[in-house]
Amino acid sequence: MEQDVIMLQEYLIHLLDGTIIRCSEDYETPNDQSVVTRVRKAAPTDVFTVGNAFDGYKYIPKSSILYLETGDVVEESPVERVLRKVGH
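Residues numbered from 1 in each chain as written. Predicted model: local features only at pLDDT ≥ 70, side-chain atom pairs only at ≥ 80, totals over all residues. Heavy atoms only, no water.

Q: Before we move on, can you summarise the overall build of the protein with the specific residues and values?
A: Counting its regular elements, the protein contains two helices and five strands. The linear arrangement of helices and strands in the protein, starting from the amino end, is β-β-α-β-β-β-α. For the protein, the residues scored as buried account for 31% of the 88 residues in total. Residue pairs at least 24 apart in sequence account for 54% of intrachain contacts in the protein once pairs closer than 6 positions are excluded. Only carbon and sulfur atoms are counted for the fraction: they give 53% of the accessible area of the protein, which is about 6100 Å². (Helix = DSSP H or I, 4+ residues; strand = E, 2+ residues; numbered from the N terminus. Buried < 20%, exposed > 50% of the residue type's maximum accessible area, 1.4 Å probe, protein only. Contact = heavy atoms within 4.5 Å. Areas by Shrake-Rupley, 256 points an atom, 1.4 Å probe, with all protein chains shown as cover.)

Structure (structure tokens):
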């Protein structure tokens, strides 16, 4: 069985139009796969998907991203983790 509690790094994606989108990833995501690295290395025409099957998805063109803000590190329960994985 997986760990009982997983730590997540939250991010706020600030868009040019003033919209702020919250997303998160496992705290121990390797640097080359992290949200920050993927956005930084993306081509101007790339589009990012944020969300899950339960809450819905947002498609964000890199050209619309003004900047990323690091949020809190939060705990994720086993139930929340299962729900998040189902969406991927």
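What follows picks up the thread again.
Q: Quick one: what's the story with the side chain of Glu-25, residue by residue and with numbers?
A: Take Glu-25: it is sitting in strand β2 (residues 20-26). Of the side chains bearing the opposite charge, Arg-38 lies closest to the buried Glu-25, which forms no salt bridge; the N-O distance is 4.8 Å. Among the polar contacts listed, one links the side chain of Glu-25 to the side chain of Tyr-11, at a separation of 3.0 Å. Separated by 3.0 Å, the side chain of Glu-25 and the backbone nitrogen of Val-35 make a polar contact. For Glu-25, the contacting residues outside a window of four places in its chain are Met-7, Leu-8, Gln-9, Tyr-11, Gln-33, Ser-34 and Val-35. (Lys, Arg positive; Asp, Glu negative; His and termini not counted. Salt bridge = Lys/Arg side-chain N within 4 Å of Asp/Glu carboxyl O. Polar contact = N/O pair within 3.5 Å; in protein donor to acceptor, adjacent residues only side chain to side chain.)

Q: Which residues make up the sheet that holds strand β1 (residues 6-15), and what values go with them?
A: The strands making up a sheet are joined through hydrogen bonds of the backbone, oriented either antiparallel or parallel. With antiparallel pairing, three strands are arranged side by side in an open sheet as β2-β1-β5. Where the open sheet ends on each side, the last strands, each with one partner, are β2 and β5 (65-76). Direction aside, neighbouring strands of the sheet carry axes that sit 25° apart on average. (Pairing = 2+ DSSP bridges. Axes fitted to C-alpha atoms, helices over the stretch in contact; angles between N-to-C directions.)

Q: Which residues make up the nonpolar core, and what are the values?
A: Listed in full, the twelve residues of the largest apolar core are Tyr-11, Ile-13, Leu-15, Ile-21, Cys-23, Val-35, Val-39, Ala-42, Phe-48, Val-50, Ile-60 and Ile-65. Within the residue set of this core, elements represented by two or more residues are β1, β2, α1 (35-41) and β3 (47-52). With three residues, the top contributor of residues to this core is β1. The contacts of Cys-23, once residues within four sequence positions are left out, are Gln-9, Glu-10, Tyr-11, Ile-13 and Val-50. (Core = buried A, V, L, I, M, F, W, Y, C linked by side-chain atoms within 4.5 Å.)

Q: Account for the environment of Ser-34, with residues named and values stated.
A: With respect to the secondary-structure elements, Ser-34 resides in the loop between β2 and α1. As for Ser-34 and Ser-24, which are separated by ten residues in sequence, their C-alpha atoms are 9.9 Å apart. Contact partners of Ser-34, with chain neighbours within four places excluded, come to Glu-25 and Thr-29.

Q: Talk me through a nonpolar patch on the surface; I want residue IDs and the actual numbers.
A: A surface patch of nonpolar side chains, amounting to about 340 Å² of accessible area, comprises Val-5, Met-7, Tyr-27 and Val-73. Within the element layout of this structure, Val-73 appears in strand β5. Relative accessible area serves as the criterion here: at 40%, Val-73 is assigned to the partly exposed category. (Patch = residues over 30% accessible without salt bridge, like charges linked within 9 Å, V, L, I, M, F, W, Y side chains within 5 Å.)

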